[in-house]
Amino acid sequence: MQVPQSTTGLTAHLLGRPGTGRHDASAPVARPASHTTSPVTSYATPHAHDTRVAPAVCLSAPAPTPSGAAPVRPSVRAENPLEWALLRLGLAPLPLLDGYWGMATSRALLTAIDLGVFDALAGDPLTCEELATRLGTDPLGTRVLLGALCGMRYLRCSGRRYRTTRTVRRWLADGALVDLRDSVLFFDDLWGELSDLTALVRSGETRNLHLDGRGPEFWRHYLRGLAAFVPLVSGEVARKVALPSGARTLLDVGGGHGMYAAAFLRRHGALTATVLDLPEACAVGRECIAEVGLADRFTWREADARTADWGGPYDAVLLFNLVHNLSWDENADAFRRAYDALAPGGTVAVLDSEYEGEGGGISLTAGLNEMLFYLTTGTRVYPEATIRDWMAGSGLRGIRTRHLASMPQMALITATRPRA
Ligand SMILES: C[S@@+](CC[C@H](N)C(=O)[O-])C[C@H]1O[C@@H](n2cnc3c(N)ncnc32)[C@H](O)[C@@H]1O
């Protein structure tokens, strides 16, 4: 696992030495800079990876088992033996890193994408002043932001000109390996919700962002953000879910962007898909599916899955990253609906965070994801055993859990409706 190289780090902070990042703080700006360059500690975050593995932190649930191997775990990285020793001895000021640097690096990245910094620097390198003119931003504010982005290794500065690094070109640019711009902008949409965590935990009040009238931008960032990395995993998912031979109909409940259903359609030539989702989600999904040229094999049903008639019979029903958005009772009911909607011999498949339940350890990824689900929908991640109970309780049989090499922290649970 490769992480960005940094020339400043924990040692600089602990020893009070100035950072030595390549950001050119001495270059003139329109107003005198009152700040000093701060040392930046590296976080080993998903953006730096070369491997084609889905990002670990997203609303759609990736959460490693306490015993399983997480594909990534954001953490402070020691850059020299002294830092390593300080970390090992527990002398690194971790609360400062978690409380300040985590927040600050997130904000700098979100603002950069929001303002179009990376897009503007996709071509020739620009000076701070040229960039500020192009973006219509304040030169000093722009300089400060560029400094943070250099420290984070999203940008590099030489000869007073700023250019993007490989991290940006791979993950945040047109033609990227996986374009995560919408995913990251979705975290910007959640910024306010995160600020409310204290109040929500104190009061137990919950909200469901799916149902409180968010606008099209929110839905676009949310579902396109999830769709971005589906191609990394959907081939394996479609391969591992066995459909009845000659399968022709698939229902994707909470299918949103439709990209998982699309993977099944590519694998099974006679298959058509119906996506049952909320109207705002279907609007984005229609766009995504039109872009991949499968619109004529899709039908969209705009409805609340908790109350709608699911129709049928279908040869397959997908419940992908929906279970963690529903309450306990709603899930028990959803599996009864899935059973009723399936043709005899049909397959139901669930894809969701793998979670062993309370009583064991919990990974950072699983803990943060569950906190996010609570914030955004008032729900949680359900243990695999609970999902299997819901399946069995609805009459489904042949329940089987599969693991995904391309997304190790997810559980793929399949079952069939008996023929007789
Ligand atoms: C986390 S996204 C998952 C999208 C896609 N299935 C995936 O795995 O990437 C959850 C989806 O469930 C949909 N959803 C949530 N509550 C719903 C409800 N009550 N009825 C229908 N769809 C719902 C959302 O609109 C969203 O598209």
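Note: the structure precedes this text.
Residues numbered from 1 in each chain as written. Predicted model: local features only at pLDDT ≥ 70, side-chain atom pairs only at ≥ 80, totals over all residues. Heavy atoms only, no water.

Taken together, the side chains of Leu194, Leu368 and Met371 make up a nonpolar region of the molecular surface, amounting to roughly 220 Å² of accessible area. Examined against the element boundaries, Met371 turns out to sit in helix 16 (residues 364–377). Judged by its relative accessible area of 30%, Met371 is partly exposed. (Patch = residues over 30% accessible without salt bridge, like charges linked within 9 Å, V, L, I, M, F, W, Y side chains within 5 Å. Areas by Shrake-Rupley, 256 points an atom, 1.4 Å probe, with all protein chains shown as cover. Salt bridge = Lys/Arg side-chain N within 4 Å of Asp/Glu carboxyl O. Helix = DSSP H or I, 4+ residues; strand = E, 2+ residues; numbered from the N terminus. Buried < 20%, exposed > 50% of the residue type's maximum accessible area, 1.4 Å probe, protein only.)

A few words now on the sheet that holds strand 9 (residues 397–403). Taken together, 7 strands build an open sheet; the order of strands is 6-5-4-7-8-10-9 and the sheet is mixed. Here the strands that pair on one side only, and so sit at the sheet edges, are strand 6 (298–302) and strand 9. Across the sheet, the mean angle from the axis of one strand to that of its neighbour is 20°, orientation sign disregarded. As paired elements, strand 8 (residues 342–353) and strand 10 (residues 410–416) share 7 bridges and run antiparallel to each other. (Pairing = 2+ DSSP bridges. Axes fitted to C-alpha atoms, helices over the stretch in contact; angles between N-to-C directions.)

What follows covers the pattern of salt bridges. Pairs can form between side chains of opposite charge once their charged atoms are near each other. Taken as a whole and judged by the stated rule, the model has 22 salt bridges. Where Glu129 meets Arg143, a salt bridge forms, and the shortest distance between an N and an O atom there is 3.8 Å. Pair noted here: Glu129 is in helix 5 (residues 128–135) and Arg143 is in helix 6 (residues 139–151), with a separation of 14 residues, a long-range link. Taking the shortest distance from any N to any O, the salt bridge between Glu193 and Arg214 comes out at 3.0 Å. Taken together, the residues span a long stretch of sequence, with Glu193 in helix 9 (residues 191–195) and Arg214 in the loop between helix 10 (197–203) and helix 11 (216–227) at a distance of 21 residues. By relative accessible area, Glu193 is classed as buried at 8%.

All right, on to the sheet that holds strand 3 (residues 161–164) then. Two orientations exist for strands paired in a sheet by backbone hydrogen bonds: parallel and antiparallel. Strands sit in the order 1-3-2 across an open sheet of 3 strands; the sheet is antiparallel. Both outer strands of the open sheet, strand 1 (126–127) and strand 2 (155–158), are each paired with one neighbouring strand and no more. Sheet topology places strand 2 next to strand 3; 4 bridges connect them, and they run antiparallel. The residue of strand 3 that forms the bridge with Arg156 is Arg163. Of the strands in this sheet, strand 2 and strand 3 touch helix 6, which is tilted by about 110° from strand 2. (Contact = heavy atoms within 4.5 Å.)

The values reported here are purely geometric and, on their own, carry no functional implication.
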